[in-house]
Amino acid sequence: MRSLVDLQAVADVLGRYGGMRGAGEDGGRVSGTATGALGRVLLVDDHEAMRSVLRALLEEVGGWQVVGEAADGEQAVELVGRTAPDVVLMDCKMPGGGGVAATRVISERFPQVTVVAHSAYADQAYVREMVAAGARGYVLKGDAPQVVLEALEAARVGAARLSAAVTGPALTDLRGLYQAALARSEQLSAENAALSAAVARLRAEDQAREEFLSLVGHELRTPVTVLVGIAATLDAWPEVAAGPDGAELIERLVAQSRRLAGVVEQLLAAGAFAAGRSPALRSDPVELGAVLAEAASAVRSRRPGLLVELALPPGCRPVTGDHGALAVAVERLADGLAARGAPGVRLTVAQPPGWTRIELAAAPAGNLAGAAAQGGTAEGGAGGGPTGGVWGAGGHEIGVRLAERLVAAMGGRVVPGRPGAAAGVVIELPQVDAAGT
């Protein structure tokens, strides 16, 4: 049963068409197609009266060739294949296969054929469905005949027309789609940035692993090579052990064994820290004098000939951190300086506003020996050997890497020392007040 809306639409078209024919005395065409050739159109509507009035409108007034008529969607798809129209004027709501399904099939099978929706309904749901199915226009059965003719011609040349009654809601939809697409684009950009950061982090971790393996090989190769060489010498010439050369070899054997033990200890500490097995760092007031003395003692236990000087300012403020972790960091950095050939290490504390700086620098043996003779804070015996070259954070020693990680975990950083300072490196820790800021 046909709806009152459909019947009223037929009546509207008949009335408008009759008025349009009356406008020309000879009943001729009001307009032709833009190309000059007759456009080919297929009419699809379940109302025979509607198809008849449309045929008359298009052929007598619009200058179109109607190549066929269909009463439902299935018939429309069949006729498109047989008649090859330029445009299909498609009703949306029909019994059986509706206009939406037929439009979708035609758009997929016959991409050279365009579809213009011709509906009695201005409901935005119909507009969305027809446009999504592939329609290149949407006009109402109550529109002026010229609107239908313009929509068909626009579709024929690849353009599109919408009835004025649906243009506003369509633009609202379009704006919503644009805003959603823009939001999605921003979301994808953020996700892409996060993914790029993750990839960069993974690459950095891979590079760090490779550097760590290279570092381990470099640190272990020298002591192991020396130990093997000494052992082979003593094995080949046992009598050497009883002479002065033997004493020197044994001294070197002990020194390299201690070095190897230190490297292994640092490897274990670094591995435990990286794997998260180290105890959680505390955040307590830490007396710098006690920390530096503990670190100096630990370094001297491995390097008995090393001189260590401590220089703390009067009224030195405590820092907030982990006593043990800070002591290990200072010890590792001081040991790194000594490994570069420094005869002594000077530990100096400065506390500018907001920061505490612990500077470690290689010091000439004469200066330290003089300080020790005058009852200063230098500790240990006389040493020798040249001072190392300029040395900064990020060096190749495993202990340096461990120190950097420990200091970073306390909110600080390890940076190169002052320009011109021999083999200098600085631990910087932020000053935290009682409120934790």
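Here goes a summary of the coordinates provided. Note that this is a predicted model, so its numbers are computed, not measured.

### Thoughts on the sheet that holds strand E3 (residues 87–90)
Taken in spatial order, the 6 strands line up as E2-E1-E3-E4-E5-E6 in an open sheet, and their pairing is parallel. Two strands bound the open sheet, and with one partner strand each, they are strand E2 (64–70) and strand E6 (161–162). Relative to E2, strand E1 (residues 39–44) is paired through 6 bridges, and the arrangement is parallel. The partner of Arg-40 across the bridge, within E2, is Gln-65. Its contacts with the sheet place helix H2 (residues 48–62) against E1, E2, E3 and strand E4 (114–119), and it is angled at close to 165° to E2. Contacting E1, E2, E3, E4, strand E5 (137–140) and E6, helix H6 (residues 145–156) crosses the sheet at an angle of about 160° to E4.

### Digging into the side chain of Lys-141
Residue position: Lys-141 is located in the loop between E5 and H6. Its relative accessible area of 1% is what places Lys-141 among the buried residues. For Lys-141, the side chain forms a polar contact with the side chain of Asp-45, separated by 2.8 Å. Of the polar contacts made by the side chain of Lys-141, one reaches the side chain of Asp-91; its length is 3.3 Å.

### Quick look at the nonpolar core
In this structure, Leu-326, Val-330, Leu-333, Leu-347, Ile-358, Leu-360 and Ile-427 are the most contacted members of the largest nonpolar core, which totals 35 residues. Breaking this core down by element, the ones donating at least two residues are helix H9 (288–302), strand E8 (307–311), helix H10 (323–339), strand E10 (344–350), strand E11 (355–363), helix H12 (398–409) and strand E13 (425–430). Among the elements that make up this core, the one with the highest residue count is H10 (9 residues). The residues contacting Leu-347, other than those within four sequence positions of it, are Leu-292, Val-308, Glu-309, Leu-310, Ala-311, Val-330, Glu-359 and Leu-360. Val-44, Ala-70, Val-80 and Leu-140 belong to the second-largest nonpolar core, a separate cluster that totals 26 residues.

How each quantity is defined
- Residues numbered from 1 in each chain as written.
- Predicted model: local features only at pLDDT ≥ 70, side-chain atom pairs only at ≥ 80, totals over all residues.
- Heavy atoms only, no water.
- Pairing = 2+ DSSP bridges.
- Helix = DSSP H or I, 4+ residues; strand = E, 2+ residues; numbered from the N terminus.
- Contact = heavy atoms within 4.5 Å.
- Axes fitted to C-alpha atoms, helices over the stretch in contact; angles between N-to-C directions.
- Buried < 20%, exposed > 50% of the residue type's maximum accessible area, 1.4 Å probe, protein only.
- Polar contact = N/O pair within 3.5 Å; in protein donor to acceptor, adjacent residues only side chain to side chain.
- Core = buried A, V, L, I, M, F, W, Y, C linked by side-chain atoms within 4.5 Å.

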